[in-house]
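Read off the chains here:
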Amino acid sequence: MRCPFCGYENTKVIDSRSYFEGNSIKRRRECEKCGKRFTTHEKVAELSLIVIKKSGEKQPYSREKVYNGIVRAFENRNINTEKIEETIDKIEREILTGYSGEIKSSELGEKILSYLIDLDEIAYVRFASVYKKFDSLDSFVKEIEKIRKDRKLNTEQGIKEK
């Protein structure tokens, strides 16, 4: 691993830790020349997953597209990128274990929404507005009412279970 500060090729690993529920490794390294320390992340590079678009066209899954869509939904919201990365890791793990290498774009969108609702309701509505192609203010209102209804149901069920 090349040092990002001086470009020297020999660095040593100071510490390694499992990261994102064991799906990647976070390594603390030190340059043998300049002595500066930096962090690297190691994980599986590519998933063999195909997304089937509404038109029937098949495309390779792009983590970057998912990441960018979620980041846009969280614009000006308080969330760190590690939480987004962790959420995408969970989504990918669920898809890889529950699907046979292909997933419809609609199912992928619903899966993303199911995680966003727990992270941030505003980000959920923003993502849903693009994903579900809201075409009017009523579309937003209906989605917000659905969230309120679900939250109320969950609260009532939580009280009954206790």
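Residues numbered from 1 in each chain as written. Predicted model: local features only at pLDDT ≥ 70, side-chain atom pairs only at ≥ 80, totals over all residues. Heavy atoms only, no water.

### Let's talk about the overall build of the protein chain
Worth spelling out the cut-off: Under the DSSP-based scheme used, a helix requires at least four consecutive residues in state H or I and a strand at least two consecutive residues in state E, with every element numbered from the N terminus. Burial here depends on accessible area, computed with a 1.4 Å probe over protein chains only, as a share of the maximum for the residue type. Under 20% is buried, over 50% is exposed, and the range in between is partly exposed. A contact between two residues is defined here by any heavy atoms of the two lying within 4.5 Å. Working definition of accessibility: Shrake-Rupley area with a 1.4 Å probe, residue cover restricted to the visible protein chains. When charges are counted, neither His nor the chain ends are considered; positive counts come from Lys and Arg and negative counts from Asp and Glu. Think of each charge as sitting on NZ of Lys, CZ of Arg, CG of Asp or CD of Glu.
The helix and strand tally for the protein chain stands at five helices and six strands. Mapped in sequence order, the helices and strands of the protein chain form the string β-β-β-β-β-α-α-β-α-α-α. Taking the principal axes of its C-alpha atoms as reference, the protein chain extends roughly 60 × 45 × 30 Å. The 162 residues of the protein chain split such that 28% are buried. For the protein chain, restricting intrachain contacts to residue pairs at least 6 apart in sequence, the fraction spanning at least 24 positions comes to 42%. Surface exposure of the protein chain reaches about 11,200 Å², of which carbon and sulfur atoms provide 48%. Of the charged side chains in the protein chain, 34 are positive and 29 negative, and the gap between their average positions amounts to 2 Å.

### Overview of the packing of aromatic side chains
Each pair of aromatic rings is reported with the distance of its centres and the angle of its planes. Note the following rule: Whether two aromatic rings pair depends on their centres lying within 6.5 Å, for rings of Phe, Tyr and Trp, where Trp uses its six-membered ring; planes under 30 degrees apart make the pair stacked, over 60 edge-to-face, and the rest tilted. Any Lys NZ or Arg CZ found within 6 Å of a ring centre and within 35 degrees of that ring's normal is scored as a charge over the ring.
Summed over the entire model, instances satisfying the criterion amount to two aromatic pairs. Centre to centre, the rings of phenylalanine 127 and tyrosine 131 are 6.3 Å apart; their planes meet at 25°, and the pair counts as stacked. With phenylalanine 127 and tyrosine 131 both in helix α4 (residues 121-131) and four residues apart, the pair spans about one turn of that helix. We note that phenylalanine 127, like tyrosine 131, is buried. Relative to phenylalanine 140, the ring of phenylalanine 134 has its centre 4.9 Å away and its plane inclined at 80°; by these criteria the two rings are edge-to-face. Residue phenylalanine 134 is classed as buried on the basis of its relative accessible area of 17%. Under the relative-accessibility criterion, phenylalanine 140 is labelled partly exposed at 31%. When the ring centre of tyrosine 131 is taken as reference, the NZ or CZ atom of lysine 54 above it lies at 5.9 Å.

### Regarding the UniProt feature "domain: ATP-cone" (unreviewed entry) in the protein chain
Selection rule: UniProt positions are given in the numbering used here, feature names are shortened, and annotations may be inferred rather than shown by experiment.
Under the UniProt annotation, the feature "domain: ATP-cone" (unreviewed entry) is placed at residues 49-139. Taken end to end, residues 49-139 comprises 64% helix and 10% strand; its first and last C-alpha atoms sit 31 Å apart.

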